[in-house]
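# Secondary and tertiary structure notes
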Amino acid sequence: MTRTKRGFIVLSISLAAGIYQTVNAEQDAHIHGEAHLLIALEGSSLQIEFLSPAMNIVGFEHRPQNETQAQSIESAVATLNQPNLLFKLPSTAQCNPVVVEVEPPFNHEPEHAGAEESDEHSEFTSRYQFQCQEAARLERIGIEIFRHFSGTQAIEAQSISSSGQRSQELTAERNTLDL
Amino acid sequence: MAILSLAFKSLLNRRFTASLILLSIALSVSLLLGVERLRVESRNSFANTISGTDLVVGARSGAINLLLYSVFRIGDATNNISWSSYRSIADHPKVAWTIPLSLGDSHMGFRVLGTNRDYFLHYRYSSKRRLSFHAGGPFEQVYQTVLGYEAAKALNYRIGQRIVIAHGTGKTSFTLHEDKPFEVVGILNPTGTPVDRTVHVPLEGIEAIHQGWIAGRQLAGLQISAEQALERDLTPKALTAFLVGLKSKLATFQVQREINDYRKEPLLAILPGVALQQLWDLMSVAENALLVVTALVVTIGLVGMLTVMLAGLNERRREMAILRSVGARPRHILLLVTGESLLLSLVGIAIGLLLLYGGLLVAQPYVESHFGLYLPITLPAPREWFMLGLVGTSGLLIGLIPGYRAYRYSLADGMNIRI
C-alpha cells in the first residue's frame, strides 16, 4: 500500500517536473524583455552578475549602423559602469564597488570586411564586486535596472548567501531582492 | 458576562444539537490545521534533506528532475555520466569536495546507493548536520554496506548480517546479485530524510556485482565469483549524479556555467536551493487548491451552525419573551444569541485543536515510518493562529445574523406571543 501511495506521489511530482524541463537552460535562454541577475554573498564580498539581451538595453541586436545607435551603446555602457545607479545597497552595510566589468556586445570588429553578420542574439554582460564592511546588514538589494533600461520587463534573480540559495522574479514594481 | 453565562446555560440546555455543531466545527478546524501542518512539514522535510551542497551535477535533463532523483530518490535518472567527466570536475581547483552517487539497484524495496566514504564525511542535512552512526561505522571494503535507520528497522537487520542486492528498483525483482552478498557494517541514526530508507554500498561494490553483466542480464556461462570480481579493475565507469561542495560560494555560478558548458558530455549543474524553489512554485498550485477545499469545509461547518441557530430561533421566541419580561432589552437578546455562536465557534476551535494534537500523537509514528515525514508536535505557528482567529471571527460574524433576527423578533413580538 505504501508503495502505491509513494508511487502516486512520484508520478504527480514527475509530471509536474516535466513542465520545468527546460528551466535548467535558463542562463542560456535569450528572451527579449527578460534578464538575469546572479548574486553571491560570502564574507564581506558581494558579487553581482547581470546578463541581459541587448534588445532590453539599447533596443536592437545588431552592430550599430549609425551614429545614434553607436551613441546609445556608449551611453548604456556608461550606465552599466556605475553600479551605484543600478543597485541600491543599504547604506548601513557600507559597500564599495571594487570591480566593475562591462562586456558590451559587438565589441570585436568583424574578422574581415564584408563578413556575414551573424544573426545570433547579442547580450550585455556586466560583473560587479563590492566589498562590504557590515555585510550582515545586507538583507536586501534594490534593483534599479528597470528604471535605466526600460526594455527590461522581468529579471530572474538567483542569489546565494549564508541563508541559502534562492531565486526570485523581479519586476519594475517588485524590485527588491531579499538575500 | 452574565449574558455569556446565560448563553452557556442555554446551550447546555440544548446540548444535543449544540454538540453536533461543535463536532462539525471541531472536525473542520482540525482538518484545516492538519492540512496546513502537512504542507509546512513536507516542505520542511524536503528543504532539510540537503544542506551545504552548492551544486548537484547529473546528465542533462531538467533541474527538478535531477534534484528529485539524485537527492530525494524519486523517479529515475534519464542518463548516466561518465567517470572521467566526474573526475575532471572533482579535480577542479574551486571544488572542495564531491559525493558521487550511483543509483539503480535495490534491496527489498529500499534504494541502493553506491557512493564513497566522502558521503559520510560531507553529506549534510537539516541545518548542516552530519550523518552519525547508530551502530557500527562506514564501509571499508567492497562487499560492505551501511543501512539507513528505517531500512535497518523495517527489515530488522543487525551488524554482521549479509544481504543480497536486487538488480533494478522494483520491490520484487527477479534478478538478484545472489553470488555477491554484502555485510552490514553500519546503521545510521535517523535523519528524517530519504537517507533513512537508503542502503549504502561502495561504488566498487556496485561495479563488482555487475561484473559479467551486460545490459541488465547476467551472461550465460560467465560466472564471476565475488573473489574474482575483486581482482578486476573496479573503478566505476559511470555515475548517476554527484554533489559538489565549493571552496567559496562566490564561485558557484562560475563553476555551474563551466559544468553546463562542459564539452565532452552534456552535463547539468543545478543549485539545489533554486531547484527546490521551482518545485515549490509548481506544488503551490496543488497546495492552494487543497487549502481552498479545507477552507470550504470550515465554511460548511459554520453555515451548519447558522442553520441550526436560525431554525432554533422560532422555537425560542417564548424564551426570548420571558427574558424580555424580566427586564432584558432587545440588545441583550442580540448579545445572547451572538454570544452563543461565538461560544460554539471558540469551543469548536478548542476541540479541533485537541483533535489535531490527538491525531498527530497517534499518526506521528505511522507517518514517519511509511512516508518518512516527521510531524513535530509543536504549538500552532503564527499562520495557524491567524487561521484560527479567522475561524473565530467568522463564527462571531455569522452569529450576528441569528442575533439580528432575534433582536428584530423581540422588538416586533414584544410580549404578545400567542401559543
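Just so you know, these numbers come straight off a predicted model, no measurement behind them.

## Some remarks on the overall build of chain B
Along its length, chain B carries 13 helices and 17 strands. Its C-alpha atoms give chain B a radius of gyration of 31 Å, clearly above 22 Å, the size a compact globule of 419 residues would have. With the C-alpha coordinates of chain B rotated into their principal frame, the extents come out at 105 × 45 × 35 Å. A burial count over chain B gives 50% of its 419 residues as buried.

## Section: the nonpolar core
By size, the foremost hydrophobic cluster in this structure holds 38 residues, and its most contacted members are Leu 37, Leu 46, Phe 87, Ile 141 and Ile 143 of chain A. Here Phe 87 of chain A is in contact with Leu 37, Ile 48, Tyr 128, Phe 130, Ile 141, Gly 142, Ile 143 and Ile 145 of chain A, once residues within four sequence places are set aside. Val 337, Ile 349, Met 387 and Ala 406 of chain B belong to the second-largest nonpolar core, a separate cluster that totals 37 residues.

## Description of the packing of helix α10 (residues 272–315) of chain B against helix α11 (residues 317–325) of chain B
All names here are of chain B. In contact at an axis separation of 5 Å, α10 and α11 are set at 65 degrees when each is read in the N-to-C sense. By the angle class used here, α10 and α11 are roughly perpendicular. When α10 is examined against α11, the residues Leu 313, Asn 314 and Glu 315 are found in contact with a partner set consisting of Arg 317, Arg 318 and Met 320. Considering only residue class, the contact of α10 with α11 consists of two nonpolar, one polar and three charged.

## A closer look at the pairing of strand β12 (residues 198–202) of chain B
Residues and elements named next belong to chain B. Counting buried positions along β12 gives five out of five residues, so the element sits mostly inside the fold. Side chains Thr 198, His 200 and Pro 202 of β12 all project onto a buried face; the interleaved residues Val 199 and Val 201 project onto the opposite face, where all are buried too. Note that strand β4 (residues 110–115) and β12 share five bridges and pair parallel. In the sheet register, Arg 111 faces β12, and the bridge partner there is Thr 198.

## Quick look at the state of the cysteines
Residue and element names in this part refer to chain A. One pass over the structure, following the stated rule, counts one disulfide over all chains. Linked covalently through their sulfurs, Cys 95 and Cys 132 form a disulfide whose S-S length is 2.1 Å. Between Cys 95 and Cys 132, the disulfide has an S-S torsion of 110 degrees and is therefore right-handed. In this pair, Cys 95 is assigned in strand β4 (residues 95–103) and Cys 132 in strand β5 (residues 123–132), connecting sequence segments 37 residues apart. This pair shows no difference in class: Cys 95 is buried, exactly as Cys 132 is.

## Considering the pattern of salt bridges
Residues and elements named next belong to chain A. For the structure on display, the rule yields 20 salt bridges over all chains. Between Glu 144 and Lys 88 there is a salt bridge, and its shortest N-O distance comes to 3.8 Å. One end of the pair, Glu 144, is in the loop between β6 (140–143) and α5 (145–148); the other, Lys 88, is in strand β3 (residues 87–88), and 56 residues separate them in sequence. By relative accessible area, which is 52% here, Lys 88 ends up exposed.

## Thoughts on the domain arrangement of chain B
Residues and elements named next belong to chain B. Assigned domains of chain B: these are domain 1 (2–46 + 285–413) and domain 2 (55–270). Spacing between the C-alpha centres of domain 1 and domain 2 amounts to 51 Å. Carbon and sulfur atoms make up 55% of the area that domain 1 and domain 2 hide from each other, which totals about 480 Å². At the junction of domain 1 and domain 2, the tally comes to zero salt bridges. On the surface where domain 1 and domain 2 come into contact, there are zero residue pairs in polar contact (both at pLDDT 80 or more). Broken down by element, the residue count for the side of domain 1 that touches domain 2 peaks at three residues, all from helix α12 (residues 330–371).

## Quick notes on the pairing of strand β3 (residues 95–107) of chain B
Each regular strand shows side chains that alternate between the opposite faces of the sheet. Residues and elements named next belong to chain B. Burial analysis of β3 places eleven of its 13 residues in the buried class, which makes it a mostly covered element. Direction of pairing for β3 relative to strand β16 (residues 241–246): antiparallel, over a ladder of six bridges. Bridge pairing in β16 links Leu 101 to Ala 241. As defined by bridge partners, β3 adjoins β4 across four bridges and the pair is classed as antiparallel. Among the inter-strand pairings, Asp 105 is bridged to a residue of β4, identified as Val 112. Joining the antiparallel neighbours β3 and β4 is a turn of two residues, in which Met 108 adopts a positive phi near 50 degrees. The pairing of β3 with strand β10 (residues 166–167) spans two bridges and is classified as antiparallel. If you follow Asp 105 over to β10, its bridge partner there is His 167.

About the criteria used
Residue indices begin from 1 for each chain and proceed along its sequence in written order. Whichever chain is written first is A, and whichever ligand is written first is 1; the rest continue in order. This being a predicted model, a pLDDT of at least 70 is required before a residue's local features are given, and a value of 80 or more before pairs of side-chain atoms are given or counted; all residues contribute to the totals for chains, interfaces and linings. Note that the side-chain values use all heavy atoms of the structure and ignore hydrogens as well as water. Each helix is a run of DSSP H or I of at least 4 residues and each strand a run of E of at least 2, with the numbering of both proceeding from the N terminus. We compute the radius of gyration over the C-alpha atoms and compare it with the globule rule, which gives 2.2 Å times the number of residues raised to the power 0.38. Note on exposure labels: buried denotes an accessible area under 20% of the residue type's maximum, exposed denotes more than 50%, and partly exposed covers the range between, all computed with a 1.4 Å probe on protein chains only. We define a nonpolar core as any set of buried Ala, Val, Leu, Ile, Met, Phe, Trp, Tyr and Cys residues linked to one another through side-chain atoms lying within 4.5 Å. Residue contacts are counted whenever heavy atoms from the two residues lie within 4.5 Å of one another. Every axis corresponds to a line fitted to the C-alpha atoms, with the helix fit spanning only the stretch in contact, and the corresponding angles, defined between N-to-C directions, vary from 0 to 180 degrees. Convention used here: angles under 35 degrees read as roughly parallel, angles over 145 as roughly antiparallel, angles from 65 to 115 as roughly perpendicular, and any remaining angle as oblique. Under the grouping applied here, Gly and all other residues not named as nonpolar or charged are polar, the nonpolar ones being Ala, Val, Leu, Ile, Met, Phe, Trp, Tyr, Cys and Pro and the charged ones Asp, Glu, Lys and Arg. Two strands form a pair only when DSSP identifies at least two bridges running between them. The disulfide definition used here is simple: a pair of cysteine sulfur atoms within 2.5 Å. Definition used for salt bridges: Asp or Glu carboxyl oxygen within 4 Å of a side-chain nitrogen of Lys or Arg. Domain boundaries shown here were taken from an automatic or database domain assignment. Defined in terms of a 1.4 Å probe, buried area is the accessible area two parts forfeit on being brought together, summed over both. Pairing of N or O atoms within 3.5 Å defines a polar contact, subject to two protein rules: one partner must be a possible hydrogen donor and the other a possible acceptor, and residues neighboring in sequence count only if both atoms are side-chain atoms.

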